[in-house]
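Listed below, chain by chain, are the residues.
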Amino acid sequence: MKKRYFISVDIEGITDVTFWSETEAGQTGYDEACGQMTRETAAACRAVLAAGALPVVRDGHGGACNIRHVDLPEGTELMRGWACHPGSMMAGLDGTFSGVIYIGYHAPAGSDGSPPAHTSEHQQIRWAKINGELASEFTMNSLYAASLGVPSLFLSGDEAMCRMAEAEIPGLATVAVKRCKGNSTWNIHPKTAERAIEEAVAKQLAAGAPPVPQVPETMVLELCLPTHQAVRSARQLPGVELAGDDVVRYTAKTVKELKIACELDRKSVV
């Protein structure tokens, strides 16, 4: 039976993507961003196929219908739309996969590592922390993978996210496609990014996966919310307590609980 690799893809960490409008369907620059999102995903898929394995892609941005399947290499499977599952961007992953690859990931809310820095829904969370440390979507998604015993292999995105991911999972391979400051991005050429992603994924697959990190027995999630109304609403959920005027706290014993608590838009909650 062929090995399978799960490829979770976002758009804000894709080469050249700089403004929120480029991430929203119907807005200026969105079609170009989707095209590059597809090409960077295809680069990772080619490396997986060359290794004799099956790439399974999870479109993880917005309406989850951004990637053009016809432009991915033949043999690639693509998951589109939301599965109403607490895995959210990782829905479809299970313990039979040999590893996870993250494409187009971005710096978290509470950092200046990317103009569209955010965690989950950018209008709903100012920052998220897990056990006192700033948390990104990668933080939560790699914990989800670890809870299933699946290693995280590779990440591409902005430089700040790459450095953060390397610190969280030693041995994780990364490709930084851009450096960001304030509302600007300094990007490598799109073709250079695609080539670098394909080469780095191929090298990591040949080298083998880093160890699966241990999932903490308890995870204290703190969310800084944008309005007092949002705080009051969050406090109606069982187990949520006030940790400051605009901060709520929830203690999760499983990664599933953690992700459900963070997905305030409820698109991924059963």
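This text follows the structure it describes.
Numbers given to residues run from 1 along each chain, matching the order in which its sequence is written. The model is predicted, so local features are restricted to residues of pLDDT at least 70 and side-chain atom pairs to those at 80 or more, both for listing and for counting; the totals for chains, interfaces and linings are taken over all residues. Water and hydrogen atoms play no part in the side-chain values, which are based on all heavy atoms of the structure.

> Now, about the sheet that holds strand E6 (residues 133-134): what can you tell me, with residues and values included?
Sheet strands line up and pair through hydrogen bonds in the backbone, either parallel or antiparallel. What makes two strands pair is DSSP finding at least two bridges between them. Comment: elements are numbered from the N terminus, with helices defined as DSSP H or I runs of at least four residues and strands as E runs of at least two. Overall, antiparallel pairing links the five strands, which are arranged E6-E5-E10-E12-E11 in an open sheet. Looking at strand neighbours, the two that pair on one side only are E6 and strand E11 (241-244), the edges of this open sheet. Across four bridges, the pairing between strand E5 (residues 127-130) and strand E10 (residues 219-224) is antiparallel. By the bridge assignment, Trp127 is partnered in E10 with Cys224. Residue contacts are defined here by distance: any two heavy atoms, one from each residue, within 4.5 Å place the two residues in contact. A fitted line through C-alpha atoms serves as each axis, taken over the contacting stretch for helices, and the angle formed by two N-to-C directions is quoted from 0 to 180°. The sheet contacts of helix H2 (residues 137-147) involve E5 and E10, and relative to E5 the element is tilted by about 35°. Together, E5, E10 and strand E12 (247-252) form the strand contacts of helix H6 (residues 255-262), whose direction differs from that of E10 by roughly 5°.

> Would you mind going over the nonpolar core in detail, with residue names and values included?
Ranked by size, the top nonpolar core spans 41 residues in total, and within it Leu93, Phe138 and Leu155 carry the most contacts. Among the elements that line this core, the one with the most residues is H2, at five residues. Apart from the residues lying within four places of it in its own chain, the contact partners of Leu93 are Phe6, Val100, Tyr144, Ala145, Leu148 and Val150. Judged by nonpolar contacts, the second largest core, of 33 residues, contains Val9, Ala42, Ala200 and Leu205. In this text, buried Ala, Val, Leu, Ile, Met, Phe, Trp, Tyr and Cys residues form a nonpolar core when linked through side-chain atoms within 4.5 Å. Exposure classes here rest on a 1.4 Å probe applied to the protein chains alone. A residue is buried below 20% of its type maximum, exposed above 50%, and partly exposed in between.

> I'd like to hear about the packing of aromatic side chains, residue by residue, with values.
Any two of the Phe, Tyr and Trp rings considered here, Trp counted by its six-membered ring, make a pair once their centres fall within 6.5 Å; the pair's planes then place it as stacked at under 30 degrees, edge-to-face at over 60, or tilted in between. Scanning the entire structure with this criterion turns up three aromatic pairs. Seen in terms of ring centroids, Tyr102 and Tyr105 are 5.2 Å apart; in terms of plane orientation they differ by 80°. Their pairing is edge-to-face. The class of Tyr105 is buried, set by a relative accessible area of 1%. When the ring of Tyr102 is compared with that of Phe138, the centres are 4.9 Å apart and the planes differ by 85°; the resulting orientation is edge-to-face.

So yeah, pure geometry; function would need other evidence.
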